[in-house]
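The chain contents come next:
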Amino acid sequence: VRFSMMCESREDIKNNVGLIIKRLRKFRMFTREDLSKAAGVSVNTLYFCENGKTALTVDNLFKICHGLRVSPVTLLSMAIQEMEKARDEKTERAV
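First, a word on what this report is: a plain description of the structure on this page. (Residues numbered from 1 in each chain as written. Predicted model: local features only at pLDDT ≥ 70, side-chain atom pairs only at ≥ 80, totals over all residues. Heavy atoms only, no water.)

Here we look at unusual backbone geometry
Then step 1. Even without glycine at this site, Met29 takes up a positive phi of about 60°.
Then step 2. Counting through the fold element by element, Met29 comes out in the loop between helix H1 (10–27) and helix H2 (32–39).
Then step 3. Look at Arg69: it is not a glycine, yet its phi comes out positive at around 60°.
Then step 4. Considering the arrangement of structural elements, one finds Arg69 in the loop between helix H4 (58–68) and helix H5 (72–94).
Then step 5. With a relative accessible area of 58%, Arg69 lands in the exposed category. (Helix = DSSP H or I, 4+ residues; strand = E, 2+ residues; numbered from the N terminus. Buried < 20%, exposed > 50% of the residue type's maximum accessible area, 1.4 Å probe, protein only.)

Some details on the environment of Arg69
Then step 1. A C-alpha to C-alpha distance of 9.3 Å links Arg69 and Arg28, two positions 41 residues apart in sequence.
Then step 2. Those residues in contact with Arg69 that lie beyond four places of it in its chain are Arg28 and Phe30. (Contact = heavy atoms within 4.5 Å.)

Re the packing of H1 against H5
Then step 1. The interhelical angle for the contact between H1 and H5, taken along N-to-C directions, is 120°, at an axis separation of 9 Å. Crossing of H1 over H5 shows right-handed handedness. Where H1 approaches H5, its residues Asp12, Ile13, Asn16, Val17, Leu19, Ile20, Ile21, Arg23 and Leu24 are matched on the opposing element by Leu75, Leu76, Met78, Ala79, Glu82 and Met83.
Then step 2. Per-class residue counts for the contact of H1 with H5 are 11 nonpolar, one polar and three charged. (Axes fitted to C-alpha atoms, helices over the stretch in contact; angles between N-to-C directions. Left-handed = near helix turned anticlockwise from the far one by under 90°. Nonpolar A, V, L, I, M, F, W, Y, C, P; charged D, E, K, R; others polar.)

Observations concerning the packing of aromatic side chains
Then step 1. Inspection of every chain in the model, using the stated rule, returns one aromatic pair.
Then step 2. With centroids separated by 5.4 Å and ring planes inclined at 75°, the aromatic side chains of Tyr47 and Phe48 adopt a geometry described as edge-to-face.
Then step 3. Residue classification places Phe48 among the partly exposed positions, given a relative accessible area of 37%. (Phe/Tyr/Trp six-rings, centres within 6.5 Å; stacked < 30°, edge-to-face > 60°.)

Here's the deal with the environment of Arg23
Then step 1. Within the element layout of this structure, Arg23 appears in helix H1.
Then step 2. Judged by its relative accessible area of 43%, Arg23 falls in the partly exposed class.

Here we look at the nonpolar core
Then step 1. In terms of nonpolar packing, the biggest core is built from 17 residues, with Ile21, Leu24, Leu35, Ile64, Leu68, Val70 and Leu75 touching the most fellow members.
Then step 2. Filtering out sequence-adjacent residues up to four positions away, Leu35 remains in contact with Ile21, Arg25, Phe30, Gly40, Leu46, Ile64, Gly67 and Leu68. (Core = buried A, V, L, I, M, F, W, Y, C linked by side-chain atoms within 4.5 Å.)

Remarks on the side chain of Arg25
Then step 1. Position of Arg25 relative to the elements: it lies in helix H1.
Then step 2. If we skip the residues at most four places from it in the chain, Arg25 touches Phe30, Thr31, Arg32, Leu35, Glu50 and Leu68.

Observations regarding the pattern of salt bridges
Then step 1. Under the counting rule described, the total for this entry stands at five salt bridges.
Then step 2. Here Glu82 makes a salt bridge to Arg23, at a shortest N to O gap of 2.9 Å. With Glu82 in helix H5 and Arg23 in helix H1, this residue pair connects regions lying 59 residues apart in the sequence.
Then step 3. The exposure class assigned to Glu82 is buried, which follows from its relative accessible area of 17%.
Then step 4. Among the charged side chains, a network of salt bridges with common partners joins Arg25, Arg32 and Glu50. (Salt bridge = Lys/Arg side-chain N within 4 Å of Asp/Glu carboxyl O.)

Now the structure itself:
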């Protein structure tokens with residue numbers, strides 16, 4: 001994974017972290033309520049995070065990762081890969 005996050009906007013990072021959390025939650029066949037209980041965060045926190053409306057605190061990131069049974073490093077790596085994929089597709093379209 002190339003770690004070129006510095007050039008990405010905070011909005012892109014927020015949106016992609018939320019997207020990966022939502023994908024992992026659905027992969028685990030969890031409802032937001034299920035993950036809320038497993039992670040110890042509110043359903044509203046999950047909703048706002050999954051929809052890119054709020055940035056996660058480090059504490060909530062760790063809680064959600066624990067609930068999803070994935071390491072924070074793995075989750076963030078997946079989000080970075082998603083951003084790089086989108087950037088590469090955008091570059092290809094521009095050429």
